[in-house]
Each structure stands twice: as C-alpha cells, then as structure tokens.
Number of protein chains: 2
Amino acid sequence: MKRSQLLVPTLKEAPAEAQVVSHILLLRAGMIRKVAAGIYNFLPLGWRAVRKVEQIIREEMNRAGAQEVHMPVVCPAELWQESGRWTKYGPELLRLKDRKDTDFCLGPTHEEVVVAMVRADVRSYRELPLNLYQIQTKFRDEIRPRFGLMRGREFIMKDAYSFDVDQAAAMVAYQKMFDAYGAIFRRCGLEFRAVEADTGNIGGSSSHEFQVLAESGEDLIFACDACTYAANAEKAAVGKRGETTESQSFGDQRRKEKEVVATPGKGKVEEVAAFMGASAREFVKTLIVRVDEFRERSAGKPVAGPRERNGEPDGTEGATHTMLAALCVRGDHEANPVKLKLLLGAGTVELASDEEVTRATHAAVGFAGPVGLDLPVYVDHDAAALETFISGANQTDAHVKNCVWGRDAKPTQVADLRVAAVGDPCPRCADGHLKTHRGIEVGHVFYLGDKYSRAMNAVYQDAGGNDAPFVMGCYGIGVTRTMASAIEQSHDKDGIVWPMSIAPFHVAILPLLSPTGDGAKTAAIADEMERALEARGVEVLVDDRDERPGVKFKDADLIGLPLRVSIGKKTLETGKVEVKWRSQKEAVLMAPEEAVAWIAAEVAKAVEI
Amino acid sequence: MKRSQLLVPTLKEAPAEAQVVSHILLLRAGMIRKVAAGIYNFLPLGWRAVRKVEQIIREEMNRAGAQEVHMPVVCPAELWQESGRWTKYGPELLRLKDRKDTDFCLGPTHEEVVVAMVRADVRSYRELPLNLYQIQTKFRDEIRPRFGLMRGREFIMKDAYSFDVDQAAAMVAYQKMFDAYGAIFRRCGLEFRAVEADTGNIGGSSSHEFQVLAESGEDLIFACDACTYAANAEKAAVGKRGETTESQSFGDQRRKEKEVVATPGKGKVEEVAAFMGASAREFVKTLIVRVDEFRERSAGKPVAGPRERNGEPDGTEGATHTMLAALCVRGDHEANPVKLKLLLGAGTVELASDEEVTRATHAAVGFAGPVGLDLPVYVDHDAAALETFISGANQTDAHVKNCVWGRDAKPTQVADLRVAAVGDPCPRCADGHLKTHRGIEVGHVFYLGDKYSRAMNAVYQDAGGNDAPFVMGCYGIGVTRTMASAIEQSHDKDGIVWPMSIAPFHVAILPLLSPTGDGAKTAAIADEMERALEARGVEVLVDDRDERPGVKFKDADLIGLPLRVSIGKKTLETGKVEVKWRSQKEAVLMAPEEAVAWIAAEVAKAVEI
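Residues numbered from 1 in each chain as written. Chains lettered and ligands numbered in written order. Predicted model: local features only at pLDDT ≥ 70, side-chain atom pairs only at ≥ 80, totals over all residues. Heavy atoms only, no water.

**Student:** Just to check I follow, could you spell out unusual backbone geometry for this structure?
**Tutor:** Only a minority of non-glycine residues have a phi that is not negative, and only a minority of peptide bonds are not trans. Residues and elements named next belong to chain A. Of note, the amide linkage connecting Leu-128 to Pro-129 takes the cis form, showing an omega dihedral of 0 degrees. Structurally, the position occupied by Pro-129 is in the loop between helix 5 (111-121) and strand 7 (130-139). At Phe-147, a position not held by glycine, the phi torsion is positive, near 65 degrees. Secondary-structure assignment places Phe-147 in the loop between strand 7 and strand 8 (154-164). Positive phi, close to 55 degrees, is recorded for His-362, a residue that is not glycine. With respect to the helices and strands, the residue His-362 is situated in the loop between helix 9 (354-361) and strand 17 (377-380). By relative accessible area, His-362 is classed as exposed at 67%. (Helix = DSSP H or I, 4+ residues; strand = E, 2+ residues; numbered from the N terminus. Buried < 20%, exposed > 50% of the residue type's maximum accessible area, 1.4 Å probe, protein only.)

**Student:** What should I look at first to understand the pairing of strand 6 (residues 103-106) of chain B in this one?
**Tutor:** Along any regular strand the residues' side chains alternate between the sheet's two faces. Residue and element names in this part refer to chain B. Alignment of strand 4 (residues 74-76) against strand 6, held across 3 bridges, turns out to be antiparallel. When the sheet's bridge partners are listed, Val-74 is paired in strand 6 with Leu-106. Sheet topology note: the strand 5 (residues 95-97)/strand 6 ladder contains 3 bridges and is antiparallel. Within the sheet, the bridge partner assigned to Lys-97 lies in strand 6 and is Asp-103. Joining the antiparallel neighbours strand 5 and strand 6 is a turn of 5 residues, in which Asp-101 adopts a positive phi near 70 degrees. (Pairing = 2+ DSSP bridges.)

**Student:** So what exactly am I meant to see when it comes to the sheet that holds strand 18 (residues 389-395) of chain B here?
**Tutor:** Two modes of strand pairing occur in sheets, parallel and antiparallel, and in both the strands are linked by backbone hydrogen bonds. Residue and element names in this part refer to chain B. Here 3 strands make up an open sheet; going across it, the order is 13-19-18 and the pairing antiparallel. Every interior strand has two partners, whereas the edge strands, strand 13 (259-262) and strand 18, have only one. Here the average twist between neighbouring strands, direction ignored, is 35 degrees. Both strand 18 and strand 19 (residues 398-403) contribute to a ladder of 4 bridges, which runs antiparallel. Opposite Ser-391, over in strand 19, you have Val-400 as the bridge partner. (Axes fitted to C-alpha atoms, helices over the stretch in contact; angles between N-to-C directions.)

**Student:** Would you mind showing me how to read the packing of aromatic side chains here?
**Tutor:** Ring pairs (aromatic) are described by centroid distance and by the angle formed between their planes. Residues and elements named next belong to chain B. Inspection of every chain in the model, using the stated rule, returns 26 aromatic pairs over all chains. Relative to Trp-47, the ring of Phe-42 has its centre 5.7 Å away and its plane inclined at 55 degrees; by these criteria the two rings are tilted. Seen from their ring centres, Phe-389 and Trp-405 are 4.6 Å apart, and the 35 degrees between their planes marks the pair as tilted. With Phe-389 in strand 18 and Trp-405 in the loop between strand 19 and strand 20 (413-415), this pair connects stretches of sequence that are 16 residues apart. Taking relative accessible area as the criterion, Trp-405 reaches 13% and is therefore assigned buried. (Phe/Tyr/Trp six-rings, centres within 6.5 Å; stacked < 30°, edge-to-face > 60°.)

**Student:** What am I meant to see in helix 12 (residues 479-489) of chain B here?
**Tutor:** Because an α-helix packs 3.6 residues into every turn, residues spaced three or four apart end up facing the same way. The buried count for helix 12 of chain B comes to 10 of 11 residues, which makes it a mostly enclosed element. Taken together, the buried positions of helix 12 of chain B are occupied by Val-479, Thr-480, Arg-481, Thr-482, Met-483, Ala-484, Ser-485, Ala-486, Ile-487 and Glu-488 of chain B.

**Student:** What exactly am I supposed to notice about the interface of chain B and chain A here?
**Tutor:** The figure often quoted for interface size is the accessible area lost as the parts come together. Facing 50 residues of chain B, the contacting portion of chain A comprises 50 residues. Of the roughly 4400 Å² buried between chain B and chain A, counting both surfaces, carbon and sulfur atoms make up 58%. Considering only the side of chain B, the residues that lose the most area to chain A are Leu-7, His-70 and Arg-99 of chain B, jointly responsible for 17% of the buried surface there. Run the count over chain B and chain A and you get 4 salt bridges. Where Asp-121 of chain A meets Arg-33 of chain B, a salt bridge forms, and the shortest distance between an N and an O atom there is 2.7 Å. A per-class count over the side of chain B that touches chain A returns 30 nonpolar, 6 polar and 14 charged. (Contact = heavy atoms within 4.5 Å. Buried area = accessible area lost by both parts, 1.4 Å probe. Salt bridge = Lys/Arg side-chain N within 4 Å of Asp/Glu carboxyl O. Nonpolar A, V, L, I, M, F, W, Y, C, P; charged D, E, K, R; others polar.)

This is how it looks when you write it as structure tokens:
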C-alpha cells in the first residue's frame, strides 16, 4: 500500500495532553486522535494494529474451544438489578434512559447479560461446559481518564465467560483460558507475567492478572528470580522464613520481665526504637483492624452483633459478624490486611476507626500492642520469630519492652501477613528470591463460582435431575490496552518498535530520490518489491510521498514498522537496497529479489502460529 | 466443528414476539435472542453470518481504496452542536450525560466525528481524495423497534465518508462506492436493485438506495422490466407520455365554453366524475401546496415574505420564500409533492392547511381547480395532455367542465409531477415499463456536498492556496440488516436457505445412527469427512448429538446451511453418503471421498471473489 493513499498524520511534537510513551507515540505516529476525555478515534495505522491483536485473540480463543458471540453495548438495567450491581457499581457505570424513560447502562462488562442468555437457553449438564466470548466496545466512566489508551473510557475488550457443572470443571476451563492467554500475549510479542491476584473471598490460585512488564506500568509485581512465580503486591506471598531471631540489643535480657517505658509523644516505630537504642527489626507493629463479613469459626469477638449481608446472595449460608482484631508485623515490615482477609475468609479487612482503636486499647492511637490486649491477635511469621520484642503498651504515651511471645502475649494465629519485600524468599521454589517489576495489566482470568448464577437464579439440571447453579469463570483482555502496552514495552527515543505480529504493516519501503531527479527509478524498484512482497503475504507500506529522505527516515522510525527497505542513489549505482530492522542500528545491502526472499522468510517466521 | 460444542438453542415454535420471517427464523434457529426492545444478543451461528457479511464489506471497501478507521460509540455533543444536529435530530438520537454532566450521544451516524477528524489533520488538496470507513455498533432509539434485526435500536453498520476537492471528484468517489456496493451485495448472494432516491435539495443521480427484493420489504420500488432503471416510490420518474388524449365523453364539445356545475357535497373525484357521467381520467385533480425555502426564480408569490433559513448554512446564498402553489394531476393519478420540490429546488413541499386553501381558492376544501386561480399552477404531463377537463371551480359545492388548457387556465410549468404506476413507460429505456417490487433498504450512497464541512468549517487549501470546504459523500450499509434480509429473500417453510457466502457454515454433516447401534461407524465417517473438508477450507458443522434422525433433519433445514451430508444405515451398506443442497429436494449418493471433492469445488465456486 502507498503511504499517499493512507491517512497518517504524523506530528513532530508530542501534544501537551500526552504523558506516557504509548500515548505520545500513538498521537505522533498518527494512529489515534482524541475525541473527548478518554475517547479516541483510531486512524488507519492504529486500527490495523488493534485488528491484529483482535485476530490473535480470536484464533486462540477459538482454539481453546470458546465460542464467539456478540452482546449489546446498551444493556437493560433490570439485569443489573437482578445481580445487585445496579446499585453497587459506582459512577464508572454510565447509566442512561431511553426515550421511554427505561433505564439502561453502557456495559462495562457483561456477566449479567451472558448469565441471562445462558439461563434462558441452557438447561442440562449435558450442554456444559460452555465458554462464550466477544470482542466488543466497552465503556467505563473513569473519573480521571488518562494515559491515552491505557486508561480510556471507551475501549475494546475481549470478555469471556465459562459455565460449568462444578468447581473442578470450572478450574479446567480456567486453566484453558490461562494457557490461551499465555499463547495470546506470546504471539503478540510481549514480555509478560501471569501474576497471582486477590480474588476476594475465594481461595486458591483462582485469579491471575496478565501483566506486560514495562517501566511505566501502574502496577507493582513481585516475581521470583528463579521460577515463574509472580504475584501482585497485595497477593505476593513470602516464602519460608528463618528460625527465631536472636534479639540483638536485648540478647542477654531474655529472661527479664516485660517493662513499660514512658514514650510521650512518640508514636512512630522509628522514634520509639531510636529512643530505646533498638532497631525497627526488634519492634512488633500492631494495627487494629475491623474484620467485616467474618464467619464464626475462630475466636472472633463480635462487635456489632450478628448481621445478615446486605441482600447479595453469594452462595454461602449463615450469619456473619464484624469483629476487631490486632494484626502484628515486625517494625521494619508492612502489614497486609488483604492476607488477613484471605486467612479469615472475611468480606473486608480495614483499619479500625480512631474511636474503635481507643475503645479496644484504652489508649490513644499509636500505642497498640499485643500485650494484654483483649482482641484476637494475628501475627506475621517474622514478628512471631522475635525472642523478645518492643511494642505499644496499650497505654497512651507508653511502650513495653522485653516482651516474649507466649509469656506476655498469645498469638491467635501465626501466618504470612505482611507485604512482600525485594529479596524475600520465593514462596514456590527453594532457591529464588522475589524481585519487583512494574506491570501493565492487559488480561485477567477469574474464577467466579456461583456468585452471579445464584444471584440471578441461573441453574442447570444435573445428572440427578436437580437444579444447580452454573459455576462460572470470567476472562478479560483489554484489546486496545494490549496494543498500547506493546508500545510501552518496545520503543526508543525515535518512535515505536512494533513486534512483527501486531505491526500495522510488516515492512516500510522508502524510495528516496526526488521526482525531479531519478525518482521514477527508485519508485519503480519500490513498486516491484511491493508487488513481490504482497504476493508472498507480506504487508508493505511504501512511502511514495515527495519528501526529503530525512523526513521519510524520521517518519519510518516514528511509525516503527519492524523492517525498513531504503532505495536511494546507491541502489541505482550498485543494484542493492538497504534492509534494516527497526530494532537494530546496522543495515544490510541486498539485491531487491534477495531482499524480498529474505524479508518474506523473516515475516513468516515471526508471525507463524 | 461439532454441534455439541456450539450453543445452538433451536426452537420448535416461533416466539410470539416475532412477526417477520427473518426474525422468526433467527430466533428459531438459535442465532439471536432479544435482550431488550430492539436490542439483541448474537449467538454463535448468527454472529458467524454477521462476520461473513462484515468481511465481504471490508474486502470490497479496501479494494475500492477506502481506509478502515474506528470512531467512538459515545460521541461528544459539542460536535453535534457545531453541525446543528444536536437540536435538529429527534429523539432517535439517544442523548446521555457522563459523570461530569457533559453531554454526549450514542452515534447513530458519524458525519460530525469524521468531519472533525479530517478537519484537524487534512490540510491540502494533495491529501485528497480520502474515503474513511468503519464497521461499528450504532444506536438509534427507534420509537417502535420491530421485526428483529430489520428495525432494531442497536445494530452494526458500515459507514463511509468521502472527502474531495469538488463535486466532480466527489462523484468519482460516489461511483466507486456505488460499484463497491454492487459487488458487496452480489457477493452476499442477494437479489437487489440500486434505486434512485430523493436527495433533498441536491439534484442529479446523487442518492441511491440498495434494496434487497423481498415480499416482506417495507419499501415500494419501481423498476423497469427491460433495463436496470429502479427508483423508490417518491423518486420514480414516468417516461415519455402519449400524445394529447382525446376527451372521451366530451369529444364533440371541445369548443364549448367552460361551464360551472353545482356539485353540492361532492368533493371526491370519483363522485364528481360519476355525477357528470365522466371518468376520473377526464378530471384534473388539484392540490394546494405550501412550498418552503423556495428561491425566487419563477413566478412564485411570497406568502409570508422573505425570511432567512434558520441558521443552518447549506452552501447557498440569498433569501428564500414560502409560497402557495397548485399541483395538478389527472384524476386517476396520484400527485407527488417530492417531484415538485425537486423541480423547484425547494426545501419542502407540503399540503397547505385548510385555512390556506380556503384563502387561496375562496372555497371550502375539495373544490380547488386551476381555472381562475391566482397561484402558480404546476401540471403533470398527463393532466396537461387533456383536450378538455373537469376540475374544481374554486367555489364551494361547484365544479367546472369543458375546461381547456390555455384558454381557461394557464399552466406555470408542465412536468413529471405524479407518482409512478405499474405499467408506466420507463424513463430510461425505449421499450420497458415499470413494475413494482417490495424492497429492504440495506445500503445507501449519498452525495452530501459541503453541508457538514461548511457548517463545521472544515476546509482544505486548494492549489491556489485558498481555503475551500471539503466536498463529501456518505455511504452506509446495515450489516446486521443485510444478514436478516438474506433470510427474508431466501427461506422456505422449513427454515433458512443461506447463500453460501454468508452461511454460518458451508456444510451440515449428519451422522444418523444412534450410539447404541452403529453410531460409532457413522460418527467415524462424519469425522473423517469433517477433517478432509476443513483441510480444504470448507466450514463444517457435524450434528454429533444423540438425537433421532428426524430431529437432526428438521434442525438442519431450520439452520439452513447450503449443503447437507447424511450418513446413515444405507451408507454402511453401500458405502455412499447422501449429499443434498438445502435449496433442492433431490439428494445425490456419493462415496465420502467423492463427496469431499465435489463439495470443496462447489464451495470454492460459490465463495470465490
């Protein structure tokens, strides 16, 4: 295809609106244009890249046995009322009314619609498993749309939903999607990690984010330097800890009784430790947390009495409680309430209010500790490993030292309850340690269980003739975000460096001589190579504009097609064209027919499935 | 692909909601399901057919030099305010507000967005011509969504917009699209007509509807039985008329003076004619019409004085008028105000109010006539050809007979001003006569001129360095409607009969024996044929369910794949499978390998470009 027949309005300068690399380069390369905040036009080159990502996704979803369907953008409120999300979903859900004043929303995701579809038409276990997907325009009314396609309001998403008879079958579907996602992002030419993510109340490895590694990523990932283990910051587990730590400064005082020390105005760990001539590593930091939707099975002490959950069926029975608890970690560590939530199977774990803290500790905020506290005490391994420790004394302006676990305070449970740190042992392998990366979430696989099918009364008949709710999973890929993440991961100061498989075209051909000189000759060579390459399935963009070579080179670097062929004065002298990878500095000289064969082979290699 | 792995919930009965054939069969064949009024889910089979239509459109648009882009579903009101359509577009435009209370609409069409895109990035005549298209979900809040996909609210549309330097260049773009549309609908296997349509104020053949012929079509089309001429009812021209008609009953009275006859209470043509012993063919029927936005150039008589148009620039200069006029047609014909509008280049031509009629004719409504009327008189050829005629007398309860054109009434202009009728001479060829058809509009090509580019100040720099507005065309295809229209056109009492090119699959293979009998053998033959056919690019759906042959045959007819292969008891005896076209009654027996070769050849023939 000829550049002159394509709308590619490249820009010399980055528009002020753009901050991140993908946004800047997509604008500069004439691939997208802003229509409104978080809403974009895709111009021909940008759209070609999106369509390639779509096609890879489609092929791998079909290969994994998923079936493509198409659900509406405009979804009726009544389905969202059934699931309870009409009221629970925040203002990101764009609600609207039609001319008859009926409520609708623009679907940000389609659990409700797909459950209603399957509920109406699937009746028997014989019709399962079922996995339905679509590739479709979605809308989420982000409060701060930013970073171009990375956090837009209107975007293209692949969303899939699996329906199975039970959890075991659902996990088979989950694994198929997990594998398909790996294949998709590999084929897109991306470096990524499948990262364990928090699943709310559901335990097990039943939620993974697929994160493209890029310095500009919004998400923090912990990944093992020896095995494939990776998890997001909320979820990253810490591997086997060392044995009990010999207390350093208080080593010979271990049989001393605990001693309350006045620490007026000193609430911070570092201040108190310094004041006592100790380090933060000898301190036990205590958070008072409020555990909601906690099911009675351990020593929880109800605060507000039993209460029913607020009308949302979730497949479990019985009353739930709210309780306060203490979460203890070592002074140099950071507590992770999400881990406590998972440990307890609670709905939420949040910091208690100042009032609740004061009531529970009989002290001002900042002086809580496990000693003499009438609350369940959950202790991280590293804190529990201290021979003696300092902590808040549950008295205003006082701490207590020489504390010994068991003698002075009894842990309700010892577990992994802190945020991972660089260098922590890997929870999966023997040798590895955790490193951090920045990531861009491009996909998410999630085991849903029967949350939606129960709420919406979507049941099938099992082999025994009884109704049972479908067991579901959901699986999303941000199509437009995947395209942008490829740019975040692969670019240089001059522009984009596309992976071959999702590049708008495979090859840029630059005939360099001006029409007033020998331009007709270089143009003829370009045309001939274009024909020969296209006949072999290679997608070619010929820059046939009447522009100086410098302009053509700059634009080619900006647009970032993987291969570039230059045809200039030397070509006419030597019969050779210059072939160069966008990612490399050095060019190679080849006869045109040789270049055609070589390029066709390289492209076939790079895009083959 | 195996039927057991595909969600195809066929129904025995047509749901009550469905009236037209395509709606009934799409529901019964498990291809679509209603989500809300005019909003549908596409299930796997239905979506495959839509995607095939999309792909044919994409290929032909690209071949015609159009470039695929993607514009948003959610469009900012500010662009629609620029064009003036934010207020002019009725309630079909679904308006909404985002969380910041900014106005948006769901784009029913994208002139505004595409004009803003081109305005921002195209500066020179050197960058033209340009034709941008997208295939995208659209929303129109129809007051009475009905007929399934035929008149839905959310639907998929291909919309294209051409930008050129002048009208001549724009008409080249128009012709390219006209030709591409022909190729698209031919490849979709549809019988259609390109039908001249009204263009508003713009003369010439600059608007064509592409109408799929089907008895259930909402639109009336006149088409020549000898040439390709076709036009919609508003636009259909009547060819060369006969010579002056000898008045039949009044043949010997032609020199008689006109004579007023009392016709108390008789306002209808048939009543008056019967009362006078004449036929409706001897009558001149007169409509008093109000001509708005009429530019002074003929004998128009301003009614309300000059007034400016209401703020909408349309590329023309000068004040416009409103006038009353008489539109005369023969008593057995129907007047066509659209033709008068086109003749006069007026904005609208509508029936005058009763009050205006009374003021102009000094008589009650129903007694208007051209004799002695102080208004411009526009006369259809057939009415003007009468030697003598009867008409209203412009007196209440009176008609006048023995009228002679010229002597008693002077036509301001004689032209084609009536609705065409079956048997009328073709306006294009010498021999043909017009026939009527019912049609479904699936595409529309439209010359826009500079209506939008002027309103939105979208200009390019011409060769002389001056700013000039882009000259545009717009071109739409209803993708989902095209799919449904194929069913309206091609079905029988048992189900759909898909054209090969857009069928969800090419071939249905039915292994007929039960698993408890010799089912494994017929299944093995089916599997082997499936593999062999898929290796040749043929799309196969194997009905591998444990169902009786009768159920499989019924479902196969309902779903309507073009070819069917049955593998039953006789196959095991004779080694032959039964191959049958869905559209034919007779089956042919072939060995499986012979059937594979034959089917592959037939499919290749039918879908080749």
